[in-house]
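# Breakdown of the fold
What follows is each chain in one-letter form.
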Amino acid sequence: LMKLVGTKFQLKVWAYLRKIPRGSIKTYSQVAKAIGKKHSTRAVANAIGKNPFDPKIPCHRLIRSDVSLGGYSGKKNIKTKRFLLKKEGIRL
């Protein structure tokens, strides 16, 4: 069982990430709006970057509004993010 430790905001972001289905993607701004913080896109990205349980909490399913991959704090960075998305049938 995962014991999540983070700020109230981080926990809210991470909880939302867990609801994104396999094979789906969202933008950072969509997450911000979904958690009721529509002007907090950058804060959402920062919270995602501090995700301690990737890929169990699937932060690889987040992309930028311009459809670029954005960052990835997991092992091997963007290559791993691209691999995980491809494995779920998402090609960007």
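Described in the following lines is the structure provided in the data block. Here the structure is a predicted model, which is why all the values come from computation and not from measurement.

Right, let's get into helix 3 (residues 41-49). Within the span of helix 3, buried status applies to Val44, Ala47 and Ile48. Angularly, the buried residues of helix 3 cover 100° about the axis, an arc narrow enough to put them on a single face. Residues of helix 3 that are buried make contact with helix 1 (8-17), helix 2 (28-34) and strand 2 (62-63).

Let us now look at the nonpolar core. One finds Val13, Leu17, Val31, Val44, Ile48 and Leu62 to be the most contacted residues of the largest nonpolar core, which totals 17 residues. For this core, the secondary-structure elements that each account for two or more residues are helix 1, helix 2 and helix 3. At 4 residues, helix 1 tops the list of elements feeding residues into this core.

Once that is clear, we can look at helix 1. Taken together, the buried positions of helix 1 are Gln10, Val13, Trp14, Tyr16 and Leu17. Viewed along the axis of helix 1, the buried residues span an arc of 160°, placing them on a single side of the element. Of the surrounding secondary structure, the elements contacted by the buried residues of helix 1 are strand 1 (26-27), helix 2, helix 3 and strand 2.

Further remarks concern the side chain of glutamine 10. Within the element layout of this structure, glutamine 10 appears in helix 1. When its relative accessible area of 12% is taken as the criterion, glutamine 10 is described as buried. If near-sequence neighbours (up to four positions away) are discounted, glutamine 10 is found in contact with Ala47 and Lys50.

Turning to its location among the elements, leucine 69 is positioned in the loop between strand 2 and helix 4 (77-87). Classification of leucine 69 as buried rests on a relative accessible area of 10%. On a C-alpha basis, the gap between leucine 69 and alanine 45 in space is 12 Å, while along the polypeptide they are 24 residues apart. With sequence-adjacent residues up to four places away left out, leucine 69 is seen in contact with Tyr28, Leu62, Ile63, Arg64, Ile78, Lys81, Arg82, Leu85 and Leu92.

How each quantity is defined
Residues numbered from 1 in each chain as written. Predicted model: local features only at pLDDT ≥ 70, side-chain atom pairs only at ≥ 80, totals over all residues. Heavy atoms only, no water. Buried < 20%, exposed > 50% of the residue type's maximum accessible area, 1.4 Å probe, protein only. Helix = DSSP H or I, 4+ residues; strand = E, 2+ residues; numbered from the N terminus. Arc of directions from axis to C-beta. Contact = heavy atoms within 4.5 Å. Core = buried A, V, L, I, M, F, W, Y, C linked by side-chain atoms within 4.5 Å.

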